[in-house]
Amino acid sequence: MSVHTVVTEADLWERLSQQPRVSLGFLPTPLEPLPRLSEMLGVQLFIKRDDLTGLAFGGNKVRHLEFSIGQALQEGCDVVINGAAIQSNYCRQTAAACAKVGLKCALVLRQDSRIEPYKVEPQGNLLLDYLLGADVRFINFDEDVNAAKERLAEEYRAKGHKPFVIRPPDVAGGLGYLVCLLELVAQARELGITPTHIVHSSSTPTQAGLLLGVKALGLDWQVLGIAPSPNANATESIAQVTNLAAERLGLPVRVTPDEVHFSTAFAGESYGIPTPEGMEALLLMARTEGILLDPSYTAKAFAAIVAMARKGELTKEHTVIFIHTGGTPALFAYQPALVKVLGLSEG
Ligand SMILES: *Cc1c(COP(=O)(O)O)cnc(C)c1O
């Protein structure tokens, strides 16, 4: 195997410490065995509890925001602008981070009146956005969210504010997940395990940071990203953010899109629409380990592990770390879908 250690863990920590950063989360998050699921699926399974990052119901974006809000504060900005789908976990965590450090937060949320969880209903993450004091604006599902964020930034500038826009490429998220990878290396050592796979729900920055760490340390761990959306073609953007984060840290590491393991096979019909396998995985995790997943992201990602175990692609020889990236507040926006899955009738 031609794996070459490029840098040490201490060197990576040192480089990260040079970056603007604000502490927002309870880190490190726990890495725990999933004994009952391991037994049931015939795979050595562990879970990295990034749903427990601690800020307003937690999630992976707390790690991204430590670096982006750090930069916003360094630049003297007074309002942070973000945007995504209406049940965005990123937007909820952005609103919470802003509240914690005393910045204003303005959000652009894409709504879709055709899809139950994407209607403008103050439930799940959207309810929390309001509760956390964000300035919430809506656009239609067919509008460009990035353009809308820039328009909102312009509106704030015209009122004399200095906005910080969170926009792709989200290099801060890459840095945040390099931190997670370094936590995992230390925790794996403590537990005496050698992971073969890291599996998680992936859009871009989370996987980029993990991949950067694996590559920089020369680890033989496969990072497998599972898409929440069938039309995501993220290998390019993951390689791009990995390389931009490496550049930011002055690391000689570079990756190409063909080195990125990314699957859309578990995304189903559309982003935000639950899949039957995802719902099965969600119930399995809840009833076997007492851990809650969400229908949009983590259930689809865990469904990939279940399917790979059943197909024999993952076996007792494999040590798999599932990263729970959060998203659980969205459960309440999926109440109608969950009621159906659980066979509960109204009233
Ligand atoms: C945003 C999100 C992801 C994807 O994270 P990226 O950093 O965008 O790749 C996965 N799971 C949950 C619950 C999320 O909110």
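Residues numbered from 1 in each chain as written. Predicted model: local features only at pLDDT ≥ 70, side-chain atom pairs only at ≥ 80, totals over all residues. Heavy atoms only, no water.

What the protein chain contains, in helices and strands, is twelve helices and ten strands. For 347 residues, the compact-globule estimate of 2.2 N^0.38 gives 20 Å, and the protein chain sits close to it at 19 Å. Taking all 347 residues of the protein chain together, 58% fall into the buried category. In the protein chain, 30 positive and 37 negative side-chain charges are present, and the distance between their average locations comes to 3 Å. (Helix = DSSP H or I, 4+ residues; strand = E, 2+ residues; numbered from the N terminus. Rg over C-alpha atoms; globule rule 2.2 N^0.38 Å. Buried < 20%, exposed > 50% of the residue type's maximum accessible area, 1.4 Å probe, protein only. Lys, Arg positive; Asp, Glu negative; His and termini not counted. Charge placed at Lys NZ, Arg CZ, Asp CG, Glu CD.)

This next bit is on the layout of surface pockets. If you add up the space inside the largest pocket, you get close to 1,300 Å³. Contributing to the lining of the largest pocket are 50 residues, with A84, R110, S203, Y271 and Y297 lying nearest its centre. Only α3 (61–74), β3 (79–85), α4 (89–101), β4 (104–111), α6 (145–158), α8 (205–217) and α9 (235–248) provide two or more residues apiece to the lining of the largest pocket. For the lining of the largest pocket, the element with the most residues is β3, which contributes four residues. Class assignment for the residues of the lining of the largest pocket results in 18 nonpolar, 23 polar and nine charged. (1 Å grid on protein atoms, 1.4 Å probe; cavity = no way out; pocket = protein on both sides within 12 Å on 5 of 7 lines; lining within 4 Å. Points joined across faces, edges and corners; volume = space filled by probe spheres on them. Nonpolar A, V, L, I, M, F, W, Y, C, P; charged D, E, K, R; others polar.)

The next subject is the side chain of T325. Of note, T325 is situated in the loop between β10 (319–324) and α12 (335–341). Every residue in contact with T325, bar those within four places of it in the chain, is listed here: D50, G59, N60, H200, S201 and T298. (Contact = heavy atoms within 4.5 Å.)

The local shell around the ligand holds 14 residues, among which K61, H64, S203, T206 and T325 are the closest. A distance of 2.6 Å separates an oxygen atom of the ligand from a polar side-chain atom of T206. With respect to the ligand, the side chain of T325 contributes an N or O atom lying 2.6 Å from a nitrogen atom. Burial of the ligand by the protein chains amounts to 95% of its free accessible area of 380 Å². Broken down by secondary-structure element, the contributors of at least two residues to the shell around the ligand are α3 and α8. Taken together, the residues that form the shell around the ligand break down as two nonpolar, eleven polar and one charged. (Near = heavy atom within 4 Å. Polar contact = N/O pair within 3.5 Å; in protein donor to acceptor, adjacent residues only side chain to side chain. Areas by Shrake-Rupley, 256 points an atom, 1.4 Å probe, with all protein chains shown as cover.)

This brings us to the environment of Q18. With respect to the helices and strands, the residue Q18 is situated in the loop between α1 (9–17) and β1 (31–33). In this structure Q18 comes out as exposed when scored by relative accessible area, which is 54%. Sequence separation between Q18 and N140 is 122 residues, and the spatial gap between their C-alpha atoms is 40 Å. Within the local environment of Q18, its side chain forms a polar contact with the side chain of E14, the two groups lying 2.7 Å apart.

Pairing within the open sheet is mixed, and its six strands lie in the order β1-β2-β10-β7-β8-β9. A single partner strand is all that each edge strand has here, and the edge strands are β1 and β9 (261–263). Across this sheet, the average inter-strand angle for adjacent strands is 25°, counted without regard to direction. Across three bridges, β1 lies against strand β2 (residues 44–49) in antiparallel orientation. Note on β2: the bridge partner recorded for P33 is F46. Packing against the sheet, helix α7 (residues 171–191) makes contact with β1, β2, β7 (197–201) and β10, and its axis sits at approximately 135° to β2. (Pairing = 2+ DSSP bridges. Axes fitted to C-alpha atoms, helices over the stretch in contact; angles between N-to-C directions.)

For the structure on display, the rule yields three aromatic pairs. Relative to Y297, the ring of Y271 has its centre 5.8 Å away and its plane inclined at 75°; by these criteria the two rings are edge-to-face. Taken as a pair, Y271 in the loop between β9 and α10 (276–289) and Y297 in the loop between α10 and α11 (298–310) lie far apart in primary sequence, 26 residues in all. Its relative accessible area of 18% is what places Y297 among the buried residues. When the centroid spacing of 5.3 Å and the interplanar angle of 55° are considered together, the rings of F302 and F322 count as tilted. You can see F302 sitting in helix α11 and its partner F322 sitting in strand β10, a full 20 residues away along the chain. On the basis of relative accessible area, F302 is assigned to the buried category, the value being 0%. Residue class for F322 comes out buried when judged on its relative accessible area of 0%. By way of ring pairs, the aromatic residues Y118, Y271 and Y297 are connected into one cluster. (Phe/Tyr/Trp six-rings, centres within 6.5 Å; stacked < 30°, edge-to-face > 60°.)

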